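# Remarks on the overall topology
Here is what each chain is made of, one letter per residue.
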Amino acid sequence: MECYFNICSGCFISGFRAWLSALGKEKIIDPYFAPWIPNVVFGIVGIILFVLLDTRAAYKLIEPLKRVFGTIIILIILSINGFSEKVYIESPNITLEGTKITFEGSTTIKYKDSIITSDKGLGVLDNENKILKANLFGNVTYIFNKRTIEASAMEVNFESKDVVLNNTYSIESFKNKKKKNVKVRVWSEISEKKTDENVVFSENVKMTTCKECITYYFKASHVTIYPEEFLVARDVTLEFFGIPVFYFPFYFQSLSGEKEAPFIAAFAFKEDTVTISVKINHTFSNKSALSFSQEYARNVKEDKLSQSLSYTYSIPFILGTLAISNSIKNNTFSDLKINLSKKLEYLNFYSSLSHSFSSNSDTFSLNFKDIKTDLGNFSVSSSFSWKDKQIMKINFLNLTTPSLTKKYKKTFLKLNSTRVNITGPATKIFESWNAKSISINTSLDSKIFNKNKKNTIKLSYSSFYEKNELKNYNLYFKNEISDNYKPLKYNKNLLYLDTTLTPELKFAFRNSFPDKIYNYYAYGLKANFKSKFLIFQYGVSDYQYYRVLVNEPKWVSNPATHTNKLTDFAGIEFNLNLLKTNNYFDLRYNRTFDFMKEPQEKFVNHFLTSKYTFKYGPLNFENNTKTTLEKEKFEFINTKFNGF
C-alpha cells in the first residue's frame, strides 16, 4: 500500500506543479512564486505527517486513505491505458504484482450495466496494463438488467466478453393464467453468457417451484434461459423425493406468461391407439407468427391410420392482428378462417370470415368482448351465413350482460348474467328481421345468514318470442329456510360425542306459459351423529326426513315425495404421529336404509369407505376410497379411488 501511496503522491505532485507553472506563465499568479508553491504545501504536509508518525491519529488518517488510493490506482490503470469500457473495482486490500491484481475482502466490480460482488478475486493485465480478465471467489453475486445470479466462483473475460459462473442459483418469475406470480428456482453446475447479452446457457440444472420444503425437481442436462421470454430445457427428468418419475426430451416454460413453446413433441398410447404429435411456434423478425401442428394416430388393433395437420399464420395489421388458419384431416380440408382481432383499452374486437369446404358455405361474424362499463363487462356479437349468394342463417344479436354481486359477511345477493339472443331464418335480411326469434334468460341467487339460520333464494326467468309473439316463458322461484343445532357435544378423556340437527322448510313456485302453474311445500329434518371411544366409532352419517304437503303436478319431472332415509356406520379412527409426520386413518363399514319402502326392501345397500391423510410440513396428501358390496352378501363389486 505504501508503494501505491508513493506512486499516487508523485503523480499528484507532478500534475500540481505543471498546473501551477502554467498559471505562472499566463501571469495569473506570480511567475516567480508559482513553482515553489508545491514544495511549500507538500513540505508542510510532510512535517505534519512526520510529527504524527506511529500515533492513533495517523492510523485513523491512513486507513481510509488506503481504500481511496487503492481504488484510484486501479481506475488510473484501467482508464488511462485505453480499455473501451471502464471497469470500476472497489476493494479494501488490493495488491499489484506485475500483470496480476489481487483483491482481498469485500470486492465490487462495476462494468457497463453489470455489478459483481465477491469475497476475493484475481485480475490479469496485459503489457499495456489493460485488464484482460478477472476471477472472483466466495459468495459471488452477478447483477445485470435487474436479474441476479448467485455463484461460488466466476470468471469474466473482458476481451471476449465471456462470463462463466460455477454452482449458480437464480430465480426466474412469470405470471400464470390466473395472473399470479410464479417463481422458478434454478440451480446449475455451470452457466455461461456474454457480458453484452442476457441469454444464459446452463448445464446440469435443477429447477422447482417449491418454496420451502422441496418435494420435486426438474433435472436437465442443458437449459437455455431467455429472460422475460422463455426457458428451454433438454433431457429433462421429473423427480419426486429424489425418485425419477417422468422423462421429457424437451421442456419449455414461458417466462412472459403469454408466449407458447417454440417446439412441443408428445407421445401417447390409449385405447389401442398410438398418437404422436408435434407443434411448432415461431415468431419472425417482422413480428408475424406461425403456429404449425401435425398429429399421427394409429389404431394397432384395427390397423387404421389417421393424420391431421393445422396451421395459423398471424401478422400485424393496420387495425390489429390478421390471422389465417386452416386444417386438414385424412386428406379432407376443414374450414378456412381469416380473423382480425384487436385489444383496445375498453374492449376486445374480433371479426372472422370462414369458408366451409364440406358445405361450400361462408360465415362472417363480428364480436365485441369485455366492453368495460361501470356495471361490469358486456359482450356483443353478430353473425350470418350464406351459400350461393343466398342467406342461410342470421344471428342479429347475442348479448351477454355482467353478473352483479353484493356481499355482507356471508350474506350475498347475485344477479347472474342475462343473455339475449336474436336470430332470423334463411330469407332476405328485412324479411328475416320481421320473422326473428328472441330468447331471454336470466337468474338471481341469494343466501341470507343470521347466526346458524340460513335463507336460500333462487329466482330464474326465461322467455321465447317468435315473430314478435310470446311463445313460451318460464318463471321459477324457490325458497329454503334452515337452522342448525348441536344439542349434544362432548369431548373428554377417551369419549367423544357429537350431534347435529338441521330442520328445513322448503317452498317453490313455477309458472310455465300458458297455464302450467304449481306450488310446492315441504318440511323436514337432516341429522347426523358420531360417537367414539378410544379408536372405535359408530354413528349416523346422514339422516333425512321430509314430508311433502303439496306435491308437484304430473307434468313436472322428478316430483318430490316423502323421504325417510338413514345411513349409519361403524369402524375405527385414529391419528399416528411418526418422525415429524402426521397420519390420519378413518375406516368405516356403512349401511343405507329407506324406511318408506316395504320391510323386506328397507335395506338399500352397504359399502366400505376409507380416508387417509399424510402431512409433513407444507406437504399434504389425501386418499379416499369407496368399495361397493353386493346387497345380499359381503362381496366386492368395485372400488373407487382418488387422491391428491
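Residues numbered from 1 in each chain as written. Predicted model: local features only at pLDDT ≥ 70, side-chain atom pairs only at ≥ 80, totals over all residues. Heavy atoms only, no water.

## Comments concerning the overall build of the chain
- For the chain, the helix and strand inventory stands at four helices and 38 strands.
- Looking at the chain as a whole, 29% of its 644 residues qualify as buried.
- The contacts in the chain between residues at least 6 apart in sequence include a share of 34% that link residues at least 24 apart.
- Surface summary for the chain: the accessible area is close to 41,700 Å², and the carbon and sulfur share equals 57%. (Helix = DSSP H or I, 4+ residues; strand = E, 2+ residues; numbered from the N terminus. Buried < 20%, exposed > 50% of the residue type's maximum accessible area, 1.4 Å probe, protein only. Contact = heavy atoms within 4.5 Å. Areas by Shrake-Rupley, 256 points an atom, 1.4 Å probe, with all protein chains shown as cover.)

## Looking at the confidence of the model for the chain
- On average, residues of the chain carry a pLDDT of 81, and 82% of them reach 70 or more.
- Note that residues 66–84 has pLDDT below 50 and, in this model, 34 contacts with residues that lie over four places away or in other chains. (pLDDT = per-residue confidence, 0-100.)

## Describing the environment of Ser446
- Here Ser446 is to be found in strand S27 (residues 437–450).
- The class of Ser446 is buried, set by a relative accessible area of 8%.
- Setting aside its immediate chain neighbours within four residues, Ser446 contacts Phe412, Leu413, Asn455, Thr456 and Ile457.
- Within the local environment of Ser446, its side chain forms a polar contact with the backbone oxygen of Phe412, the two atoms lying 3.3 Å apart. (Polar contact = N/O pair within 3.5 Å; in protein donor to acceptor, adjacent residues only side chain to side chain.)

## Comments concerning a nonpolar patch on the surface
- Judged by side-chain polarity, Tyr490, Leu494, Leu495, Phe533, Leu534, Ile535 and Phe536 come together as a nonpolar surface patch covering roughly 650 Å² of accessible area.
- Mapped onto the elements, Tyr490 comes out in strand S30 (residues 489–492).
- Exposure remark for Tyr490: the relative accessible area of 34% places this residue in the partly exposed category. (Patch = residues over 30% accessible without salt bridge, like charges linked within 9 Å, V, L, I, M, F, W, Y side chains within 5 Å. Salt bridge = Lys/Arg side-chain N within 4 Å of Asp/Glu carboxyl O.)

## Some thoughts on the packing of aromatic side chains
- Inspection of the entire model under this criterion finds 15 aromatic pairs.
- On the numbers, 5.5 Å between centres and 50° between planes, the contact of Phe349 with Phe368 is tilted. Taken together, the positions of Phe349 in strand S20 (residues 348–356) and Phe368 in strand S21 (residues 361–373) put the pair 19 residues apart, joining distant regions of the chain.
- On the basis of relative accessible area, Phe368 is assigned to the partly exposed category, the value being 29%.
- Measuring from centroid to centroid gives 5.0 Å for Phe396 and Trp433, while their planes differ by 85°, and the two rings are edge-to-face. (Phe/Tyr/Trp six-rings, centres within 6.5 Å; stacked < 30°, edge-to-face > 60°.)

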